[in-house]
Amino acid sequence: MTSTWGVLSLIALQAGTLRFSELRRKVSGVSERMLAQTLQQLEADGLVFRKSYPVVPPRVEYSLTALGQEAASKVAELADWVEFRLNDLRREGAGATP
């Protein structure tokens, strides 16, 4: 869950159920393989629900479980804070004193 792709996937799924290709577009920069591995791990952790439809071509949708919704809101809050405080974090990282 704490990987970059895991966090971004959770945040993207906050908007609702997405198909794999839709999720890949929202999480720009992730490879197909890495997204598949990330989703498998999030599913194993009980954060993501995967629904597969028996159609050709295969159709798979992903959504957040209740636990996943809670986790997504927490990581989104942290991401918002980091974005808001980015300049301060850069200054602190450069050795500036408070």
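In short, a report on the structure. Every chain is numbered on its own, with residues counted from 1 as its sequence reads. Selection of residues for local features in this predicted model requires a pLDDT of at least 70, selection of side-chain atom pairs for listing and counting requires 80 or more, and totals for whole chains, interfaces and linings are taken over all residues. Working from all heavy atoms in the structure, the side-chain values ignore hydrogens and water.

## What to know about unusual backbone geometry
Cis geometry marks the peptide bond from V56 to P57, where omega comes out at -5°. Under the DSSP-based scheme used, a helix requires at least four consecutive residues in state H or I and a strand at least two consecutive residues in state E, with every element numbered from the N terminus. Within the secondary structure layout, P57 lies in the loop between β2 (48-53) and β3 (59-64).

## Some points on a nonpolar patch on the surface
Together, L78, W81, V82, L86 and L89 give the surface a local cluster of nonpolar side chains, amounting to about 420 Å² of exposed area. Contributing elements (two or more residues each) for the nonpolar patch: α4 (66-84) and α5 (86-93). Residue contributions to the nonpolar patch peak at 3 residues, all from α4. In this structure, L78 sits in helix α4. Only residues whose relative accessible area exceeds 30% and that form no salt bridge are eligible for patches; like-charged ones are grouped when within 9 Å, while nonpolar side chains (Val, Leu, Ile, Met, Phe, Trp, Tyr) are grouped when within 5 Å. Using a 1.4 Å probe, the Shrake-Rupley method yields the accessible areas, and only the shown protein chains count as cover for residues. Any Lys or Arg side-chain nitrogen found within 4 Å of a carboxyl oxygen on Asp or Glu counts as a salt bridge.

## Some thoughts on the pattern of salt bridges
The final tally for this structure, using the stated rule, is 4 salt bridges. Where E32 meets R24, a salt bridge forms, and the shortest distance between an N and an O atom there is 3.7 Å. By relative accessible area, R24 is classed as partly exposed at 34%. Close ionic contact of D88 with R85 constitutes a salt bridge, the shortest N to O distance being 3.0 Å. Residue R85 is classed as partly exposed on the basis of its relative accessible area, which comes to 33%. Connected through salt bridges with shared partners, the residues R85, D88 and R91 form a single ionic network. Classification of residues uses two cut-offs on accessible area relative to the type maximum, computed with a 1.4 Å probe and protein chains only: under 20% is buried, over 50% is exposed, and between them is partly exposed.

## Here's the deal with the packing of helix α1 (residues 4-13) against α4
Comment: axis = line fitted to C-alpha atoms, over the contacting stretch for helices; angle = value between 0 and 180 degrees taken between N-to-C directions. Between α1 and α4, whose axes approach to 9 Å, the crossing angle comes to 110°. Accordingly, the angle class assigned to the pair α1 and α4 is roughly perpendicular. Here α1 contributes V7, L10 and I11 to the contact with α4, which in turn contributes G68, A71, A72, V75, A76 and A79. When residue character is reported, Ala, Val, Leu, Ile, Met, Phe, Trp, Tyr, Cys and Pro are called nonpolar, Asp, Glu, Lys and Arg charged, and the others, Gly included, polar. Split into classes, the residues belonging to the contact of α1 with α4 amount to 8 nonpolar, 1 polar and no charged. Angles below 35 degrees are treated as roughly parallel, those above 145 as roughly antiparallel, those between 65 and 115 as roughly perpendicular, and all remaining angles as oblique. Every residue pair with non-hydrogen atoms within 4.5 Å of one another is taken to be in contact.

Don't take any of this as a statement about function, it's just geometry.
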